[in-house]
Amino acid sequence: MNLRCNSINLVSISLLVSLGFPLSIFSSPHLPNFLGSSFESEVLSQTVGDLKAEADQLLQQGIRHIKSHQFNEGIRLYQQALAIYQKLGDYESQAEVLALLGYISSFQENYPVAINYLERALKLAREIPNRYLEGNILFNLGGAYIFQKDITRGKEYLQQSLDIAREINDRDLLKVHEQIWQSLTGTVPDSNISSTQSRQHQTLSQNLNSSRLVEAGSLNDQGIELGNAGQFEQAQHFFEKALTIYREIGNQQMESRVLGNIGLLYFSQGYFDQAIDYYNKSLLIARKAQDYQWEAAILTHLGTVNFERGNYAQAIDYQMQSLSIAQKLGDKELEARIQDQLGSIYLNLGEYFKAVEYQLSSLVIIQDLKNAPDLNTRIEARRYEAGYLGNLANTFKNLGEYVKAEEYAQQSLQIAREINNPVIESKALGTLSNISIGKGNYDIAKEYAQQKLTITLRINDRQGQFEALNSLGNSYFFLKDYSTAIKYFQESLNLSQEIGDIYKKGWTLTKLGDAFLKYGNFEESEKFLRLGMEAREALRGKVGSNDAYKVSIFDLQVDTYQLLQQALVAQNKTDEALEIAERGRARA
């Protein structure tokens, strides 16, 4: 799951915290350098490539600790990363880490230390040179000086930041400037911030120190962190508290985004009705506020929840609306997410090659973003990469290309574990289980499925639990332990009915019917296969008027008719078996 309330880049920090924007996903306060000579000798003994990888890993670990407000441990890791970057002479990474240290110092209201870090980072950014990084650091310096009540110098740095943002067309930074000045003064920034009236300066200073906005931003960040960690109940608690504050202070943009995050929490737990309700509330406010980026994101989420419900035509419509907005905005990350979602829809429609086309396109985009100038985008790109690799693995598994499927799935699993993302890890394990079934390695498939079930139970991921139970049922089915297979299929059927996913329901009913057929209980087999046939025919009615989609779906569902005929023949119900055969042909 991805709970991102706003895609603000590296240095949208001091000002954004006070305004209630989500914290950037990196941070770290100042501590003296405690590294000793033993560390230095170890550093010198390693290769440059190993050192760079180690520093990057330390930085990501530090980010996770800071986001959880474990500042001391985060600081320690940041300091280690910084020391390695200094050994390597990597100015750009040094500048980024110093900017992060400046951010945490601002967050802890230690503004002189923050300014020191940020000025060191600014010097490096100008030496590189990196105008993108320079503009963002200047933005944060402006915030730090304003917090220190030095409004004049703060404005100067903000103006320099704005000038660079316009020069390089940094849309994210321009958007941040616009949001801040609209929120605080009611005006969009003009070309000369220094001409802003003193009354506006006073309003700015007062709002920047608003404790309620700081509180709301912190609550929202904690909700995001807990949601990404699968701690849904605790996450909702923080989101609801943040939502109350944003409504009380009239911040509609953040209200919309928190509503969307709550919807995503419900979606991740399989509560689709509640998810749709929150998504629609969020969409209504986003459109009213002309927040096009969030409108596109919510349309994507609505497409996803309709996809999970088997409403494929509606899902495609939502995704195409979102894709149009993303392309107009030039938002490559969102474009990649939408193409990946379209790939998943076409996978369920049985159009595997079209699915691969969309999924590969999304992977190419996101892998390119791993080289983006800002750290936030690079880290987010790695998480998306893990998910997209897993989706590609699933598609190639359905194509029967198990070697390629397993390669993608293992890559997804490795990244998911490196970034500590249990949701993506569980999906990769599930795909590996299904690949193992396809290759006839049923005991290995059971092991993967059990690992997936353990994770999904821990994080209360009901969709993941359904998938794990089905994989376990399939493993025992192919091992010819039909009674155990039936037990798991019945458990997964109960979940599919709770979730309201007609695709999953039809698939599981068919598997139950098949298991009872092999077990020799033909009456039970007939009962479940008839129910499966009805569910799958209902799903077929949800694809709209597109005959190609209907044919593709029937190709995936034909086994239900064939198995039902076998169950009927086994009971000497030959006339009914012929009727089912004719019914199947009529829908082909």
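The structure presented is a predicted model; accordingly, all values stated were derived computationally and were not measured. (Residues numbered from 1 in each chain as written. Predicted model: local features only at pLDDT ≥ 70, side-chain atom pairs only at ≥ 80, totals over all residues. Heavy atoms only, no water.)

1. A short note on the overall build of the protein chain
Next, step 1: Secondary structure assignment for the protein chain yields 28 helices and zero strands.
Next, step 2: For the protein chain, the residues scored as buried account for 59% of the 588 residues in total.
Next, step 3: Across the protein chain, contacts joining residues at least 24 apart in sequence account for 63% of those joining residues at least 6 apart.
Next, step 4: Carbon together with sulfur atoms contributes 47% to the accessible area of the protein chain, which is approximately 23,500 Å² in total. (Helix = DSSP H or I, 4+ residues; strand = E, 2+ residues; numbered from the N terminus. Buried < 20%, exposed > 50% of the residue type's maximum accessible area, 1.4 Å probe, protein only. Contact = heavy atoms within 4.5 Å. Areas by Shrake-Rupley, 256 points an atom, 1.4 Å probe, with all protein chains shown as cover.)

2. Digging into the confidence of the model for the protein chain
Next, step 1: Summarising the model, the protein chain shows a mean pLDDT of 79, and 80% of its residues fall at 70 or more.
Next, step 2: Under a pLDDT of 50 for its full length, residues 1-46 has, in the predicted model, 178 contacts with residues more than four places off or in other chains.
Next, step 3: Taken as a whole, residues 183-188 scores under 50 in pLDDT and shows 13 contacts with residues more than four places along the chain or in a different chain. (pLDDT = per-residue confidence, 0-100.)

3. Comments concerning helix α15 (residues 292-308)
Think of an α-helix as turning once every 3.6 residues; residues three or four places apart then point the same way.
Next, step 1: Between the first and last C-alpha of α15 there are 25 Å, a value that for 17 residues agrees with the 24 Å anticipated at 1.5 Å per step.
Next, step 2: Buried residues dominate α15, accounting for 15 of its 17 residues.
Next, step 3: Positioned one or two residues after α15, Gly310 has a phi angle of 85 degrees, which is positive. (Expected span 1.5 Å × (residues − 1).)

4. Observations regarding the pattern of salt bridges
Next, step 1: Applying the stated criterion across every chain yields a total of 27 salt bridges.
Next, step 2: One salt bridge in this structure joins Asp56 and Lys52, with 3.0 Å as the shortest N-O distance. Of this pair, Asp56 and Lys52 both sit in helix α3 (residues 48-67), four residues apart, which is roughly one turn of the helix.
Next, step 3: Relative accessible area serves as the criterion here: at 29%, Asp56 is assigned to the partly exposed category.
Next, step 4: Taking the shortest distance from any N to any O, the salt bridge between Arg530 and Glu576 comes out at 2.9 Å. Remark: Glu576 occurs in helix α28 (residues 574-587) and Arg530 occurs in helix α26 (residues 522-540); sequence separation between them is 46 residues.
Next, step 5: In this structure, a network of salt bridges that share partners links the residues Arg126, Arg131, Glu134 and Glu167. (Salt bridge = Lys/Arg side-chain N within 4 Å of Asp/Glu carboxyl O.)

5. Here's the deal with the nonpolar core
Across soluble globular proteins, nonpolar side chains have a tendency to be buried as a group.
Next, step 1: Membership of the largest hydrophobic core comes to 54 residues, with the highest contact counts inside it found for Phe239, Ile262, Phe267, Tyr279, Leu302, Leu342 and Ile345.
Next, step 2: Among the elements of the structure, α11 (211-228), α12 (232-249), α13 (252-268), α14 (272-288), α15, α16 (312-329), α17 (332-348) and α18 (352-369) are those that each provide at least two residues to this core.
Next, step 3: Ignoring any residue separated from it by four or fewer positions in sequence, one finds Ile262 in contact with Gln236, Phe239, Glu240, Leu243 and Tyr278.
Next, step 4: Core analysis: the second largest hydrophobic core is formed by 38 residues, Ile84, Val97, Tyr117 and Ile164 among them. (Core = buried A, V, L, I, M, F, W, Y, C linked by side-chain atoms within 4.5 Å.)

6. With respect to unusual backbone geometry
Next, step 1: Each neighbour pair has its own omega, and for Ile128 with Pro129 the value is -10 degrees, a cis peptide bond.
Next, step 2: Tracing the backbone through its elements, the reader meets Pro129 in the loop between α6 (111-127) and α7 (131-147).
Next, step 3: A positive phi angle, near 60 degrees, is found at Asn420, a position not held by glycine.
Next, step 4: Positionally, Asn420 belongs in the loop between α20 (402-418) and α21 (422-438).
Next, step 5: Take Asn420: its relative accessible area is 54%, and that puts it in the exposed class.
Next, step 6: If you check the backbone angles, Asn572 has positive phi at about 65 degrees while not being a glycine.
Next, step 7: Summarising the element assignment, Asn572 is placed in the loop between α27 (547-570) and α28.

7. Examining the packing of helix α23 (residues 462-478) against helix α25 (residues 502-519)
Next, step 1: Running from amino to carboxyl end, α23 crosses α25 at an angle of 20 degrees, the nearest separation of the two axes being 11 Å. Viewed along their axes, α23 and α25 adopt a mutual orientation that is roughly parallel. Pair α23 / α25 crosses with left-handed handedness. Along the contact surface, α23 presents Gln463, Phe466, Glu467, Asn470, Asn474 and Phe477, while α25 presents Lys504, Trp507, Thr508, Lys511, Asp514, Ala515 and Lys518.
Next, step 2: Looking at side-chain class alone, the contact of α23 with α25 contains four nonpolar, four polar and five charged residues. (Axes fitted to C-alpha atoms, helices over the stretch in contact; angles between N-to-C directions. Parallel < 35°, antiparallel > 145°, perpendicular 65-115°, else oblique. Left-handed = near helix turned anticlockwise from the far one by under 90°. Nonpolar A, V, L, I, M, F, W, Y, C, P; charged D, E, K, R; others polar.)

8. Here we look at α7
Next, step 1: With 17 residues, α7 should reach 24 Å at 1.5 Å per residue; the first-to-last C-alpha distance of 24 Å fits that figure.
Next, step 2: Of all the 17 residues making up α7, 16 are buried; the element is thus mostly covered by neighbouring parts of the structure.
Next, step 3: Capping the start of α7, Asn130 holds a side-chain oxygen 3.1 Å from the backbone nitrogen of Tyr132, two or three residues further along.
Next, step 4: Just downstream of α7, Lys149 is the residue with a positive phi angle, here 75 degrees. (Polar contact = N/O pair within 3.5 Å; in protein donor to acceptor, adjacent residues only side chain to side chain.)

9. Things to note about the packing of helix α4 (residues 71-88) against helix α5 (residues 91-107)
Next, step 1: At a minimum axis separation of 9 Å, α4 and α5 run at an interaxial angle of 155 degrees. Compared by their axis directions, α4 and α5 come out roughly antiparallel. Crossing angle aside, the handedness with which α4 passes α5 is left-handed. Counting all contacts with α4, which are made through Phe71, Tyr78, Leu82, Tyr85 and Gln86, the residues of α5 involved are Ser93, Gln94, Val97, Leu98, Leu100, Leu101, Ile104 and Phe107.

10. A few points about the environment of Tyr318
Next, step 1: The topology assignment puts Tyr318 in helix α16.
Next, step 2: Residue Tyr318 is classed as buried on the basis of its relative accessible area, which comes to 16%.
Next, step 3: Each C-alpha atom of the pair Tyr318 and Leu302 lies 6.6 Å from the other, and the pair is 16 residues apart in sequence.
Next, step 4: The residues touching Tyr318, leaving out its near neighbours within four places in the chain, are Leu299, Leu302, Gly303 and Asn306.

11. A short note on the packing of aromatic side chains
Next, step 1: Throughout the structure, instances matching the rule amount to 13 aromatic pairs.
Next, step 2: Considering the side-chain rings of Tyr346 and Tyr358, the 5.7 Å spacing of their centres and the 5 degrees angle between planes classify their relative orientation as stacked. Separated by 12 residues along the polypeptide, Tyr346 in helix α17 and Tyr358 in helix α18 bring together distant segments of the chain.
Next, step 3: We classify Tyr346 as buried; its relative accessible area is 5%.
Next, step 4: Relative accessible area serves as the criterion here: at 19%, Tyr358 is assigned to the buried category.
Next, step 5: Residue placement shows Lys281 over the ring face of Tyr278; its charged tip is 5.1 Å from the ring centre.
Next, step 6: A cation over a ring is seen here: Arg462 above Tyr271, with NZ or CZ 4.1 Å from the ring centre. (Phe/Tyr/Trp six-rings, centres within 6.5 Å; stacked < 30°, edge-to-face > 60°. Lys NZ or Arg CZ within 6 Å of the ring centre and 35° of its normal.)

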